[in-house]
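Residue-level structure breakdown
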Amino acid sequence: KAGVTQTPRYLIKTRGQQVTLSCSPISGHRSVSWYQQTPGQGLQFLFEYFSETQRNKGNFPGRFSGRQFSNSRSEMNVSTLELGDSALYLCASSLGGDRNQPQHFGDGTRLSIL
Amino acid sequence: AQSVSQHNHHVILSEAASLELGCNYSYGGTVNLFWYVQYPGQHLQLLLKYFSGDPLVKGIKGFEAEFIKSKFSFNLRKPSVQWSDTAEYFCAVTPGNQGGKLIFGQGTELSVKP
């Protein structure tokens, strides 16, 4: 069974630009969560989508947004990029119906802001 | 605010030594508890989880963890580490009604010397 797939693996952008990251969950998984990983702040929760609806949200500014499609694939968008947005962005999926389900992580997209 | 604290930033052990990594969380309600591991160059993998029942849970590769509710702790243990256990270990908590939101500790880097 294929794991969580994130594309692209690497991205380089400049300040002020916007970026869209993609995540394909494990087949059958309906919940997708996004995390930001940095050396200073560690792993921080961005948001979770379940059945095309945002179910949980972390403490990130509105420049960070996401959506989920009917096939459970999810995208994350960051607008007006700042230097501090440089990070590894991780996507995780779970079955989602029962909240007691572990999340399975992808390899991440490494975003560098110049 | 909900938070997770891991006691050690970097642990260095020799092979066959015993391992205990500390994890404490701050949340007064029902929680689900996890330990994830990230081997060099690989994605985060679930090591073990606690949802309810027996507070001593066993995971993959000989790891176990004990949930002590009165101490808000979920420490990870392994009787005898191997060089292949070299990795970064993350403790994470999900508040009981927010299954898609993992709150992570800062991580503990484990180096096992052959």
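Our subject is the structure that appears above.
Notes on the structure in this doc start here. (Residues numbered from 1 in each chain as written. Chains lettered and ligands numbered in written order. Predicted model: local features only at pLDDT ≥ 70, side-chain atom pairs only at ≥ 80, totals over all residues. Heavy atoms only, no water.)

Right, let's talk about the nonpolar core for a bit. Soluble, globular proteins show a tendency: their nonpolar side chains are buried together. Counting 29 residues, the largest nonpolar core has B:L33, B:W35, B:L47, B:L48, B:F74, B:L76 and B:Y89 as the members making the most contacts within it. When sequence neighbours within four positions are dropped, the list of residues in contact with B:L48 reads B:L33, B:F34, B:W35, B:V57, B:K58, B:G59, B:F63, B:E64, B:A65, B:F74 and B:L76. One finds A:V19, A:W34, A:Y89 and A:I113 within the second-largest nonpolar core, a separate group that totals 21 residues. (Core = buried A, V, L, I, M, F, W, Y, C linked by side-chain atoms within 4.5 Å. Buried < 20%, exposed > 50% of the residue type's maximum accessible area, 1.4 Å probe, protein only. Contact = heavy atoms within 4.5 Å.)

Okay, the environment of B:N97 next. Within the secondary structure layout, B:N97 lies in the loop between β10 (87-95) and β11 (103-104). Considered as a pair, B:N97 and B:E15 are 82 residues apart in the sequence and their alpha carbons are 40 Å apart. (Helix = DSSP H or I, 4+ residues; strand = E, 2+ residues; numbered from the N terminus.)

In this section: the packing of aromatic side chains. Each pair of aromatic rings is reported with the distance of its centres and the angle of its planes. Residue and element names in this part refer to chain A. Here the structure, examined in full by the defined rule, presents 15 aromatic pairs over all chains. Between the aromatic rings of F47 and Y49, the centroid separation amounts to 5.7 Å while the plane-to-plane angle is 70°, which identifies the pairing as edge-to-face. Here F47 falls in the buried class, since its relative accessible area comes to 1%. Y49 sits in the buried class, given a relative accessible area of 6%. (Phe/Tyr/Trp six-rings, centres within 6.5 Å; stacked < 30°, edge-to-face > 60°.)

This next bit is on the state of the cysteines. A full pass over the atoms with the stated rule returns 2 disulfides over all chains. Here A:C23 pairs with A:C91 through a disulfide, and the sulfurs are 1.8 Å apart. Taking the sign of the S-S torsion, about -60° here, the bridge from A:C23 to A:C91 comes out left-handed. Here A:C23 is found in strand β3 (residues 19-24), whereas its partner A:C91 is found in strand β9 (residues 87-94), with 68 residues between them in sequence. Both residues of the pair, A:C23 and A:C91, count as buried. For B:C23, the disulfide goes to B:C91, at an S-S distance of 1.9 Å. Across the disulfide from B:C23 to B:C91, rotation about the S-S bond amounts to roughly -65°, and the bridge is consequently left-handed. Taken together, the positions of B:C23 in strand β4 (residues 23-26) and B:C91 in strand β10 put the pair 68 residues apart, joining distant regions of the chain. Of the residues examined, B:C23 reaches a relative accessible area of 0% and is grouped as buried. (Disulfide = S-S within 2.5 Å.)

Another point: the sheet that holds strand β8 (residues 74-78) of chain A. All names here are of chain A. On the basis of which strands lie adjacent, the open sheet formed by 4 strands has the order β1-β3-β8-β7 and antiparallel pairing. Pairing within the sheet leaves two strands with one partner each, and these edge strands are β1 (5-7) and β7 (64-68). Shown here is a sheet whose adjacent strand axes are inclined to one another by a mean of 20°, direction ignored. One ladder, built from 5 bridges, connects β7 with β8; its direction is antiparallel. For G66, the partnering residue across the bridge sits in β8 and is M76. (Pairing = 2+ DSSP bridges. Axes fitted to C-alpha atoms, helices over the stretch in contact; angles between N-to-C directions.)

All names here are of chain B. All told, the structure shown has 9 salt bridges over all chains when counted by the stated rule. The closest approach of N and O atoms between E64 and R77, which form a salt bridge, is 3.5 Å. Remark: R77 occurs in strand β9 (residues 73-78) and E64 occurs in strand β8 (residues 64-68); sequence separation between them is 13 residues. Judged by its relative accessible area of 18%, E64 falls in the buried class. Note that D85 and K78 form a salt bridge whose closest N and O atoms lie 2.9 Å from each other. By sharing partners, the salt bridges in this structure join K58, E64, E66 and R77 into a single network. (Salt bridge = Lys/Arg side-chain N within 4 Å of Asp/Glu carboxyl O.)

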